[in-house]
Amino acid sequence: MAEVDLAGVSKRFGDITAVADVSVRIGDAEFVVLLGPTGAGKTTTLRLVAGLEQPDAGSITIAGTDVTRLPPAARDVALVFQQYSLYPHYTVYENLAFPLKAPGRRLSKPEIDRRVRHIAEMLRIEAKLGNRATQLSGGEMQRVSIGRALVREPTIYLMDEPLSSLDAKLREDLRTELKRIQRDLGATILYVTHDQLEAMTMADRIGVLAAGRLVQTGPPRTVYEAPASIYAAQRLGSPQINLLPAGSLATDRPEPPGTATLGIRPEDVRLTGPMGGAGQERPDLPGRVLTVEHLGVETVVLVETAAGPVRALADAHGPVAEDQPVRVAARPGSVLFFAADGRRLAATPASAPAALEEMSDVA
Amino acid sequence: MSRASTAAHSVGEATPAGKALAAALVIGYALITMVPLVWIVLTGFKSPPDSIAYPPKVVFEPTLEGYVNLFTTRSRQTEAYIESLGPPQTWYEELVRKRNMVITGPSRFAGRYMNSIIIGFGSTFLAVFLGTLAAYAFSRFKVPLKDDLLFFILSTRMMPPIAVAIPIYLMYRTLGLSDTALGMILLYTAVNVSLAVWLLKGFVDEIPREYEEAAVIDGYTRLQAFWKVVLPQMRAGIAATAIFCLIFAWNEYAFALLLTSGTAQTAPPFIPIIIGEGGLDWPAVAAGTTLFLLPIVVFTVVLRNQLLRGITFGAVRK
């Protein structure tokens, strides 16, 4: 295990800039998740660290060694692909042993056997060791895939959306399992995903990517509660953050100068009956309930207002019904203020945390 | 079956009548294509008079005379002379003497057959070997002018190869490649390699790069990754390509007739010559043809599963 350091890394493919000036340090035993939509440069960043691509600018350092120009084999990293990573002509055992049999490693047969069985046990696939890789279910395949990375003890594990092709239940299981394994092994992991849930649950630190640029890094809570921009705010949270024009909603704190957009997380939206909210300096936003989605643990209420649609998380047993007139308010202290360019503005200079990073490229 | 009669027609579900029709068509087609082959094989076991009997004999007494004639040269002798030789030592001498002949030595068929094997399999191996490497390179590397090169390779097959027979004949004579196994191997390889490159490139393209990338990250070199990860997955494609190449090289007649006459002559131009040696010996020709068909049939049967997967061009992934 070791520290991995990306300094000003850029990569272009023809006219497209896939990764632009990304600098990030992944600490020893840290779980860093790069979050971004398709095409944000997540996978390219991983491939640059793995050595499958050469950066046009910048440098990559692993454990204090500059590996920017080194071939993949010399970097001692492990990569879990989104799919296709198991060799169909090998059994599960052979797939797991494959990295250990690499020419440079020179491990004895019993040692290879010990490690393969240990990992198979850890991932609960011992019973499948004799199977051909093609005879496995999706979840088993991806487990073997992760196992193939884990049998080695590389400097860093790189994971490219390893759970995205699995069904929801399996994803949930593997998510917790992966986090547990990472803690047990003290593994350094750079994980790439577009799934905010994976990012929130597993990451020690999240890096938000937008069009190849790293727009914010920080612990999941910090990124969630103090997003650097509208873009970063939209990456985390489901349902997504509500965006309303400035001045459309009563806020307990004055809007900072330059505010163009208000952001309210659905869980911070308060819905009251038609008569509520009286006596405030600005009246609550009146609206009408459009749909009510009962999801079990929570209920998502979509309210149509003059300022636009607002999603709210309501009490599962609340009396909200479709077509009902309601008033929309925000929980005190919860409203985020964004400038016209998408940058988040500090609420009041003294008490609120300053915007984390200067924003330049916001989708 | 019973379900099919009540269920609505859906894609992929054949009715019993449909299945019967399909079976009838396949059997009918098989019969039509098999008849000449069966006739050849049967003729190989007929005696010369039976082979030219009219109306043709379907029921006859099988004999190995054709095969004996194929592998031997014989001369006609007087009965007195044959009598003086004493009793025949072997069953095939006995067969020959019935026709007032004695065996004077082996024929050239075995040698010609060996030539076919060396040249056919040699050129197939070379074409598939070169084709695999070229296909991999075209599929995976940034080759300058890749599309133009691929088109050029394809364009070598846009006219019948025999169209360049005369230049090749003159070239081979100058280079001393006429009537050599090496010359024929090179020629058939040159013709086959374009087919091999194009076929195999399709197969390499089907194999996701992630496999090699995973191997390279795991500490293997590019060549090791190719050997351990790509090649095993190309097996079906290589088998199919090899059969196509072998069939061409094995059956090729025109160039073989033109460029070989002695030491490097293959079986196709030789078999018809048998007719001229000692009268119209159809059983010997048929025997030669039967033996000539055998390797392709065996090769195809052994690799039939691969071939089937191969000719669907990887359209269906396992």
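The structure displayed is predicted, hence computed values, not measured ones.

> Sorry, what's going on with helix H9 (residues 165–175) of chain B here?
Side chains of residues three or four places apart in an α-helix project in the same direction, reflecting 3.6 residues per turn. Residues and elements named next belong to chain B. Within H9, the full set of buried residues consists of Ala165, Ile168 and Tyr172. Angularly, the buried residues of H9 cover 65 degrees about the axis, an arc narrow enough to put them on a single face. Exposed residues pointing more than 90 degrees away from the buried face of H9 are listed as Ile166, Arg173 and Thr174. Looking at the buried side of H9, the elements it contacts are helix H10 (181–206) and helix H14 (254–259). The first or second residue beyond H9 is Gly176, which carries a positive phi of 75 degrees.

> Just to check I follow, could you spell out the packing of helix H7 (residues 109–140) of chain B against helix H13 (residues 235–251) of chain B for this structure?
To characterise two packed helices, one gives the angle between the axes of the helices and the distance between these axes. Residues and elements named next belong to chain B. The geometry of H7 relative to H13 is characterised by a closest axis approach of 9 Å and an angle of 140 degrees between their N-to-C directions. Looking at the two axes, H7 sits oblique to H13. Crossing angle aside, the handedness with which H7 passes H13 is right-handed. Residues Tyr113, Ser116, Ile117, Gly120, Phe121, Ser123, Thr124, Ala127, Val128 and Thr132 of H7 form the contact with H13, whose own contacting residues are Ile238, Thr241, Ala242, Cys245, Leu246, Ala249 and Trp250. Residues of the contact of H7 with H13, tallied by class, amount to 11 nonpolar, 6 polar and no charged.

> Teacher, can you tell me more about the pattern of salt bridges here?
Should the charged atoms of two oppositely charged side chains come close, the side chains can pair. Throughout the structure, instances matching the rule amount to 27 salt bridges over all chains. The salt bridge involving Arg205 of chain A is made with Glu30 of chain A; its shortest N-O contact spans 2.5 Å. Residue Arg205 of chain A is located in strand S9 (residues 205–210), and its partner Glu30 of chain A is located in the loop between strand S2 (16–26) and strand S3 (31–35); the two are separated by 175 residues in the primary sequence. Between Asp50 of chain B and Lys57 of chain B there is a salt bridge, and its shortest N-O distance comes to 3.0 Å. Accessibility expressed as a relative area gives 34% for Lys57 of chain B, which makes it partly exposed. Each of Glu3, Asp5 and Arg25 of chain A takes part in one network of salt bridges that share partners.

> For this particular structure, what's the right way to read a nonpolar patch on the surface?
All names here are of chain B. Side chains of Met34, Leu37, Val38, Leu293, Val297 and Val301 sit close together on the surface and give an oily, nonpolar patch of about 470 Å² of accessible area. Elements that contribute at least two residues to the nonpolar patch include exactly helix H2 (16–43) and helix H16 (282–302). Inspection of the secondary structure assignment puts Val297 in helix H16. Here Val297 falls in the partly exposed class, since its relative accessible area comes to 46%.

> Please clarify how the sheet that holds S2 of chain A should be interpreted in this entry.
Strand pairing in a sheet takes place through backbone hydrogen bonds and is either antiparallel or parallel in direction. Residue and element names in this part refer to chain A. Taken in spatial order, the 4 strands make up an open sheet running S2-S1-S4-S5, and their pairing is antiparallel. Strand pairing shows two members of the sheet lacking a second neighbour, S2 and strand S5 (65–66), which therefore form its edges. Summarising the sheet, strand S1 (residues 4–13) and S2 pair through 7 bridges and their orientation is antiparallel. Residue pairing for S2: Asp5 is matched across the bridge by Arg25. The strands that helix H1 (residues 42–50) touches are S1, S2 and strand S4 (57–62); relative to S1, the one it contacts most, it runs at about 115 degrees.

> Mind showing me how you'd approach the nonpolar core here?
Considering soluble globular proteins, one finds that nonpolar side chains tend to be buried as a cluster. By size, the foremost hydrophobic cluster in this structure holds 54 residues, and its most contacted members are Leu6, Leu79, Tyr87, Leu158 and Leu190 of chain A. Not counting the four nearest positions on each side in its chain, Tyr87 of chain A is found in contact with Asn95, Phe98, Ala133 and Arg148 of chain A together with Tyr211, Ala214, Ala215, Asp218 and Val229 of chain B.

> Would you mind going over the layout of surface pockets with me for this structure?
Rolled over the atoms, a probe as big as a water molecule pinpoints where empty space is left. Its volume calculated, the second largest pocket comes out at about 600 Å³. Along the walls of the second largest pocket sit 18 residues, with Leu52 of chain A together with Arg140, Arg209, Glu213 and Arg222 of chain B positioned nearest its centre. Counting residues per element, the ones that place at least two in the lining of the second largest pocket are S1 of chain A together with helix H11 (210–217) of chain B. Tallying contributions element by element places H11 of chain B first for the lining of the second largest pocket, with 4 residues.

> Would you mind going over the domain arrangement of chain B with me for this structure?
One frequent convention defines the size of an interface as the accessible area lost when the parts assemble. All names here are of chain B. Domain assignment breaks chain B into domain 1 (48–107) and domain 2 (110–312). Domain 1 puts 10 residues into the contact, and the matching count from domain 2 is 10 residues. A combined buried area of about 880 Å² lies between domain 1 and domain 2, and 70% of that area is made up of carbon and sulfur atoms. Our count for the domain 1 to domain 2 interface comes out at 1 salt bridge. When the shortest N-O distance is used, the salt bridge between Asp281 and Arg74 registers 4.0 Å. The interface formed by domain 1 and domain 2 includes 1 residue pair in polar contact (both at pLDDT 80 or more). Listed by contribution, the elements that provide at least two residues to the side of domain 1 that touches domain 2 are helix H3 (48–51) and helix H4 (65–71). The element best represented in the side of domain 1 that touches domain 2 is H4, accounting for 5 residues. In terms of residue class, the side of domain 1 that touches domain 2 is built from 5 nonpolar, 4 polar and 1 charged.

Conventions and cut-offs
- Residues numbered from 1 in each chain as written.
- Chains lettered and ligands numbered in written order.
- Predicted model: local features only at pLDDT ≥ 70, side-chain atom pairs only at ≥ 80, totals over all residues.
- Heavy atoms only, no water.
- Buried < 20%, exposed > 50% of the residue type's maximum accessible area, 1.4 Å probe, protein only.
- Helix = DSSP H or I, 4+ residues; strand = E, 2+ residues; numbered from the N terminus.
- Arc of directions from axis to C-beta.
- Contact = heavy atoms within 4.5 Å.
- Axes fitted to C-alpha atoms, helices over the stretch in contact; angles between N-to-C directions.
- Parallel < 35°, antiparallel > 145°, perpendicular 65-115°, else oblique.
- Left-handed = near helix turned anticlockwise from the far one by under 90°.
- Nonpolar A, V, L, I, M, F, W, Y, C, P; charged D, E, K, R; others polar.
- Salt bridge = Lys/Arg side-chain N within 4 Å of Asp/Glu carboxyl O.
- Patch = residues over 30% accessible without salt bridge, like charges linked within 9 Å, V, L, I, M, F, W, Y side chains within 5 Å.
- Areas by Shrake-Rupley, 256 points an atom, 1.4 Å probe, with all protein chains shown as cover.
- Pairing = 2+ DSSP bridges.
- Core = buried A, V, L, I, M, F, W, Y, C linked by side-chain atoms within 4.5 Å.
- 1 Å grid on protein atoms, 1.4 Å probe; cavity = no way out; pocket = protein on both sides within 12 Å on 5 of 7 lines; lining within 4 Å.
- Points joined across faces, edges and corners; volume = space filled by probe spheres on them.
- Domains from an automatic or database assignment.
- Buried area = accessible area lost by both parts, 1.4 Å probe.
- Polar contact = N/O pair within 3.5 Å; in protein donor to acceptor, adjacent residues only side chain to side chain.

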